[in-house]
Amino acid sequence: MVKWEDTLAWQFSWDETNCILTSEGNEIEDIQKALQNPNLYEIYLNGVATCQKYQIDNYIKHIEAIINDI
């Protein structure tokens, strides 16, 4: 995933370990730079794992666990 850097609060964070971070107007350059990263496949795998956490069934279980802990 390629994502603009932001200051949003994510339940499961997106950072340089699981996506390609970029800023508006620098997308192409940052993607080209990321293609040279020897850890790009690891970043991809971490991104898939983070994305799976946001799938509705998994996310509902996570939210229910938080509610039950209150």
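Everything that follows concerns the structure shown earlier in this document.
The following paragraphs examine the structure supplied in this document. Because the structure is predicted, anything quoted here is derived from the model rather than measured.

**Observations concerning the pattern of salt bridges**
- Enumeration over the complete set of coordinates arrives at one salt bridge.
- Here Asp6 and Lys3 are joined by a salt bridge, their closest N and O atoms 2.9 Å apart.
- Looking at Asp6, the relative accessible area reads 36%, which means it is partly exposed.

**Thoughts on the environment of Asp6**
- Inspection of the secondary structure puts Asp6 in the loop between strand E1 (2-4) and strand E2 (20-22).
- Separated by 33 residues in the primary sequence, Asp6 and Asn39 have C-alpha atoms spaced 23 Å apart.
- A polar contact of 3.1 Å, which involves the side chain of Asp6, links it to the backbone nitrogen of Leu8.

**Here we look at the packing of aromatic side chains**
- Going through the model one piece at a time under the given rule, you end up with six aromatic pairs.
- Three or more aromatic residues joined by ring pairs form one cluster here, namely Trp10, Phe12, Trp14, Tyr54 and Tyr59.

**Considerations on the layout of surface pockets**
- Its volume calculated, the largest pocket comes out at about 170 Å³.
- Around the largest pocket sit Glu16, Cys19, Ile20, Leu21, Asp30, Lys33, Ala34, Asn37, Leu40 and Ile43, which together line it.
- Contributions of two or more residues to the lining of the largest pocket are made by E2, helix H1 (27-34) and helix H2 (40-53).
- The dominant element in the lining of the largest pocket, judged by the number of residues it contributes, is H1, at three residues.
- Of the residues belonging to the lining of the largest pocket, the class tally is six nonpolar, one polar and three charged.

**Details of the side chain of Asn18**
- Examined against the element boundaries, Asn18 turns out to sit in the loop between E1 and E2.
- Judged by relative accessible area, Asn18 falls into the buried class, the value being 5%.
- A polar atom in the side chain of Asn18 sits 3.0 Å from the backbone oxygen of Ser13.
- Among the polar contacts made by the side chain of Asn18, one reaches the side chain of Thr50 at a distance of 3.0 Å.
- Beyond its immediate stretch of four places on either side in the chain, Asn18 contacts Ser13, Ile43, Asn46, Gly47 and Thr50.

Rules used throughout
- Residues numbered from 1 in each chain as written.
- Predicted model: local features only at pLDDT ≥ 70, side-chain atom pairs only at ≥ 80, totals over all residues.
- Heavy atoms only, no water.
- Salt bridge = Lys/Arg side-chain N within 4 Å of Asp/Glu carboxyl O.
- Buried < 20%, exposed > 50% of the residue type's maximum accessible area, 1.4 Å probe, protein only.
- Helix = DSSP H or I, 4+ residues; strand = E, 2+ residues; numbered from the N terminus.
- Polar contact = N/O pair within 3.5 Å; in protein donor to acceptor, adjacent residues only side chain to side chain.
- Phe/Tyr/Trp six-rings, centres within 6.5 Å; stacked < 30°, edge-to-face > 60°.
- 1 Å grid on protein atoms, 1.4 Å probe; cavity = no way out; pocket = protein on both sides within 12 Å on 5 of 7 lines; lining within 4 Å.
- Points joined across faces, edges and corners; volume = space filled by probe spheres on them.
- Nonpolar A, V, L, I, M, F, W, Y, C, P; charged D, E, K, R; others polar.
- Contact = heavy atoms within 4.5 Å.

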